[in-house]
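The residues making up each chain are set out below.
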Amino acid sequence: MTGMGPEVIFYSLALLLLLVLLGVHVGIALGLASVVGVYLSYDDVNIALSILGSTAYESIRSNSLAVIPLFMLMGEVLSKSGAARDLYLLCNRAMSFIPGRLAAATVLGNAAFAAVSGVAIASAATFSRIAYPEMIKLGYNRSYALGVIAGSGSLGMLIPPSVLLIVWAILTEGSVGALFLGGVIPGLLLGTVFIAYCAIAAYRNPTIAPKGDVTFQESNTFESLKSGLGILALVALVLGGIWLGVFTPTEAAGFGALGSLLVGLLKGMKKDDFLEAIYNAGKSTAPIMFLLIAGSMYSRLLAVSGGVGLIQDLFISLGYGPVGIIFVMTVIWLLLGTIVDSISDILLTVPIFYPIAMAAGMNDVAFAIYGVLIIEAGLLTPPLGLLIFAVKSAVPDPEVTLKDIFVGSIPYWIMMIGVALLVISFPSLASWLPSNALG
Amino acid sequence: MSDSNAIIKLSERIHVVSASWVILLAVIIFIDVLGRYFFSTPLLGASEVIKNSVVSITFLQIPLAIYRGSMIRTTLIYDLMSPKIQAYLRTLMYVCGLLFFLGTAWSSIDPSIEAFAVSEYEGEGALRVPTYPVRFLIILTSFFATYAYFQLMVKDFIASRKS
């Protein structure tokens, strides 16, 4: 007996979604659905099982994947060093002429901090602890304060080094460096729009962000200058190195990780602090790497079963054209984003969507940035807005409700979708920098 | 009980070793890049070491990720269920994990033995790295992960019996 044709993909997709919804670990669900899919295709248990062993060994044996553990380590060490707080202080000085300066400083601080850490959730949590108490002390409106923290946390996924962009590049066999550089202009644009919103809202309704002198506890200008500049130097080293072609992303990550250890030493981190940072970095790295392995199993199934071609034909037969295709993908991303985290969202959809988008003639970098923006916006929507929950659990104020945070972050959601639409309409916003820098 | 604690401690130790290994990677990259730019002699075998390290670090960290519940899942539907159904769903989760890693370990055995038998190497010239250590590491850690899921399932079962 021979196996099934490409329609096997629908059975394995159904199984995958069912397992994920029932709460099975996403990576495990991806792997098992792939095994079942390959079994149905070949009608042979050994071939089906071999996908597990061979993918486990081959899929992440790559130099470029070393960026994930290295950047995670860099982010954890810098969080632990307390440098983020100094950075916030520095940004607050830089923004002193703007209405709602503490909110604007939160955006700027998040953007700068995001440039040295790979995960949006981490920076949202960090700034919940640092920025929120300062804003409340000055009498800022609660929703306004919470919104800017949750919203600007999402900047992290656009500003390199971003784990989402790395995962995307690996899945599509694209260049990590190109996606990193592609995220820079849209990231700066989004940051600028966020800051403009903070300022305009505070200008039109001064009661939500009263002016006043900021008196940070234990603030020490020299200290904050030192580590703030340390972080900026790391950003310049990592991004500048990739940009100028001195470093591959992996090399930049290696230098960044060592540089973060240096900043940590300068900030007086002790042995136990370092150990804790290393431990935490490992804790957040392993599940992501495992998802990548499982995601490649699923990609293999899509390839061997011919499922991608089938779904591609289905999309084309809808007769919507590129705009319609993008619309359908956007809806699926947003819906899926309500039940799974962003990395899983990418792993489940991009192996299918990417070839379709390329066949429709879209620019690969712009499509990636668009996708990441949409998926990241999903982190702000109920019921599973991970950023919302991260802020809720990190904010040192038990009276804050999830609704406060949701309401405050709606404007940021709208701005993100707006910038995403700009990027897909004017792809050169994303593709110009990488094509000029990397040739 | 002390047995299971010893196993979890073991997974913690392995985790710390592999997490610290990342720093070693950074140092290797540092030496490699400086060597290439300033002395035009890149570090021999750096690329092979990094590649194999990525796989090893990941698999060494998986058991603790399972024990600490940091494997990514969604609890959207789970949260809406009654405690009894939640217990069934947890069992499903553990069984799926167990099957996955058992399958991974099982299907890795033949290729690993073959790699050992024919002395499969990679890299060229003076530095050739054998592939079997990483292959066997995957088998060992996958069995460890299988056991972790099994142990959690049994623990969960006993706990729900008691309550």
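The rules behind the values
- Residues numbered from 1 in each chain as written.
- Chains lettered and ligands numbered in written order.
- Predicted model: local features only at pLDDT ≥ 70, side-chain atom pairs only at ≥ 80, totals over all residues.
- Heavy atoms only, no water.
- Helix = DSSP H or I, 4+ residues; strand = E, 2+ residues; numbered from the N terminus.
- Rg over C-alpha atoms; globule rule 2.2 N^0.38 Å.
- Buried < 20%, exposed > 50% of the residue type's maximum accessible area, 1.4 Å probe, protein only.
- Areas by Shrake-Rupley, 256 points an atom, 1.4 Å probe, with all protein chains shown as cover.
- Contact = heavy atoms within 4.5 Å.
- Lys, Arg positive; Asp, Glu negative; His and termini not counted.
- Charge placed at Lys NZ, Arg CZ, Asp CG, Glu CD.
- Expected span 1.5 Å × (residues − 1).
- Arc of directions from axis to C-beta.
- Salt bridge = Lys/Arg side-chain N within 4 Å of Asp/Glu carboxyl O.
- Buried area = accessible area lost by both parts, 1.4 Å probe.
- Polar contact = N/O pair within 3.5 Å; in protein donor to acceptor, adjacent residues only side chain to side chain.
- Core = buried A, V, L, I, M, F, W, Y, C linked by side-chain atoms within 4.5 Å.
- pLDDT = per-residue confidence, 0-100.
- Phe/Tyr/Trp six-rings, centres within 6.5 Å; stacked < 30°, edge-to-face > 60°.
- Lys NZ or Arg CZ within 6 Å of the ring centre and 35° of its normal.

A closer look at the overall build of chain B
Move 1: From N to C terminus, chain B includes four helices and two strands.
Move 2: The order of helices and strands in chain B, counted from the N terminus, is α-α-α-β-β-α.
Move 3: Taking 163 residues into account, the globule formula puts the C-alpha radius of gyration at 15 Å, and chain B, at 20 Å, lies well above it.
Move 4: Its C-alpha atoms put chain B at 65 × 35 × 35 Å along the principal axes.
Move 5: A buried classification covers 45% of the 163 residues belonging to chain B.
Move 6: By element, 67% of the accessible surface of chain B is carried by carbon and sulfur atoms, the whole surface being about 8,700 Å².

Thoughts on the overall build of chain A
Move 1: Looking only at helices and strands, one finds 20 helices and zero strands in chain A.
Move 2: Its C-alpha radius of gyration of 22 Å places chain A within 12% of the 22 Å reference for a compact globule of 439 residues.
Move 3: Dimensions along the principal axes, computed over C-alpha positions, put chain A at roughly 80 × 45 × 45 Å.
Move 4: Within chain A, contacts between residues separated by at least 24 positions form 80% of all contacts whose residues are at least 6 apart in sequence.
Move 5: Summed over all atoms, the accessible surface of chain A reaches about 15,700 Å², with 67% contributed by carbon and sulfur.
Move 6: Between the mean site of the 18 positive side-chain charges and the mean site of the 23 negative ones, chain A shows a separation of 14 Å.

With respect to helix α1 (residues 8–21) of chain A
Move 1: Over its 14 residues, α1 of chain A extends 20 Å from the first C-alpha to the last, a length consistent with the 20 Å expected when each residue adds 1.5 Å.
Move 2: Within the sequence span of α1 of chain A, burial applies to Val 8, Ile 9, Ser 12, Leu 16, Leu 19 and Val 20 of chain A. Each buried residue of α1 of chain A sits inside an arc of 100° when the element is viewed along its axis, so together they form one side.
Move 3: On the buried face of α1 of chain A, the contacting elements are α2 (26–42), α13 (271–305), α14 (307–317) and α16 (342–359) of chain A together with α3 (83–117) of chain B.
Move 4: One or two positions beyond α1 of chain A, positive phi appears at Gly 23 of chain A, with a value near 95°.

Looking at the pattern of salt bridges
Move 1: Under the defined criterion, the tally for this structure stands at eight salt bridges over all chains.
Move 2: In this structure, Lys 80 of chain A engages Glu 276 of chain A in a salt bridge whose closest nitrogen and oxygen atoms are separated by 3.4 Å. Of this pair, Lys 80 of chain A sits in helix α4 (residues 67–81) while Glu 276 of chain A is found in helix α13, placing the two residues 196 residues apart along the sequence.
Move 3: Relative accessible area serves as the criterion here: at 34%, Lys 80 of chain A is assigned to the partly exposed category.
Move 4: Look at Glu 276 of chain A and you get partly exposed, because its relative accessible area is 37%.
Move 5: Here Arg 36 of chain B makes a salt bridge to Glu 251 of chain A, at a shortest N to O gap of 2.9 Å. Placement of Arg 36 of chain B in helix α1 (residues 2–38) and of Glu 251 of chain A in helix α12 (residues 249–266) is noted, with the two residues assigned to different chains.
Move 6: Residue Arg 36 of chain B is classed as partly exposed on the basis of its relative accessible area, which comes to 33%.
Move 7: Residue Glu 251 of chain A is classed as buried on the basis of its relative accessible area of 10%.

Examining the interface of chain B and chain A
Move 1: Each partner contributes to the interface: chain B provides 53 residues, whereas chain A provides 54 residues.
Move 2: Interface of chain B and chain A: buried area, both sides summed, is about 4,800 Å²; carbon and sulfur atoms make up 76% of it.
Move 3: For the chain B face of the interface with chain A, the top three residues by lost area are Ile 72, Thr 74 and Phe 100 of chain B, together amounting to 15%.
Move 4: Applying the counting criterion to the chain B and chain A interface returns one salt bridge.
Move 5: Linking chain B to chain A there are nine residue pairs in polar contact (both at pLDDT 80 or more).
Move 6: Those elements that provide at least two residues to the side of chain B that touches chain A are α1, α2 (46–67), α3 and α4 (132–162) of chain B.
Move 7: Per element, the largest residue contribution to the side of chain B that touches chain A is 15 residues, and it comes from α1 of chain B.

Examining the nonpolar core
All names here are of chain A.
Move 1: Counting residues in hydrophobic clusters, the biggest one holds 199 residues, and the most contacted among them are Met 135, Trp 168 and Phe 367.
Move 2: Tallying contributions element by element places α13 first for this core, with 16 residues.
Move 3: The contacts of Met 135, once residues within four sequence positions are left out, are Tyr 88, Leu 102, Ala 103, Thr 106, Tyr 140, Ala 145, Val 148 and Ile 149.

Comments concerning α13 of chain A
Move 1: The end-to-end C-alpha separation of α13 of chain A is 51 Å, in line with the 51 Å expected for 35 residues at 1.5 Å each.
Move 2: After α13 of chain A finishes, the residue Gly 306 of chain A shows a positive phi value of roughly 75°.

Quick look at unusual backbone geometry
Residue and element names in this part refer to chain A.
Move 1: Phi at Asp 43 takes a positive value of approximately 60°, unusual for a residue other than glycine.
Move 2: Here Asp 43 lies in the loop between α2 and α3 (45–58).
Move 3: Phi is positive for Glu 173, which is not a glycine, with a value near 50°.
Move 4: In this structure, Glu 173 sits in the loop between α9 (163–171) and α10 (176–204).
Move 5: Accessibility expressed as a relative area gives 74% for Glu 173, which makes it exposed.

What to know about the confidence of the model for chain A
Move 1: Averaged over chain A, the pLDDT score is 83; the fraction of residues at 70 or greater is 94%.
Move 2: Looking over chain A, one finds the lowest element-wise mean pLDDT in helix α18 (residues 386–394) of chain A, namely 73, and the highest in helix α17 (residues 364–377) of chain A, namely 92.

Examining the packing of aromatic side chains
Move 1: If you walk through the whole model with that rule in mind, you get 18 aromatic pairs over all chains.
Move 2: Taken together through their ring pairs, the aromatic side chains of Trp 168, Trp 333, Phe 353, Phe 367 and Tyr 370 of chain A make up a single cluster.
Move 3: Against the face of Tyr 57 of chain A rests Arg 135 of chain B, its NZ or CZ located 3.9 Å from the ring centre.

Regarding the confidence of the model for chain B
Move 1: Looking at chain B as a whole, its pLDDT mean stands at 86, while 94% of the residues score no less than 70.
Move 2: Scored as a complex, the prediction yields pTM 0.83 and ipTM 0.90.

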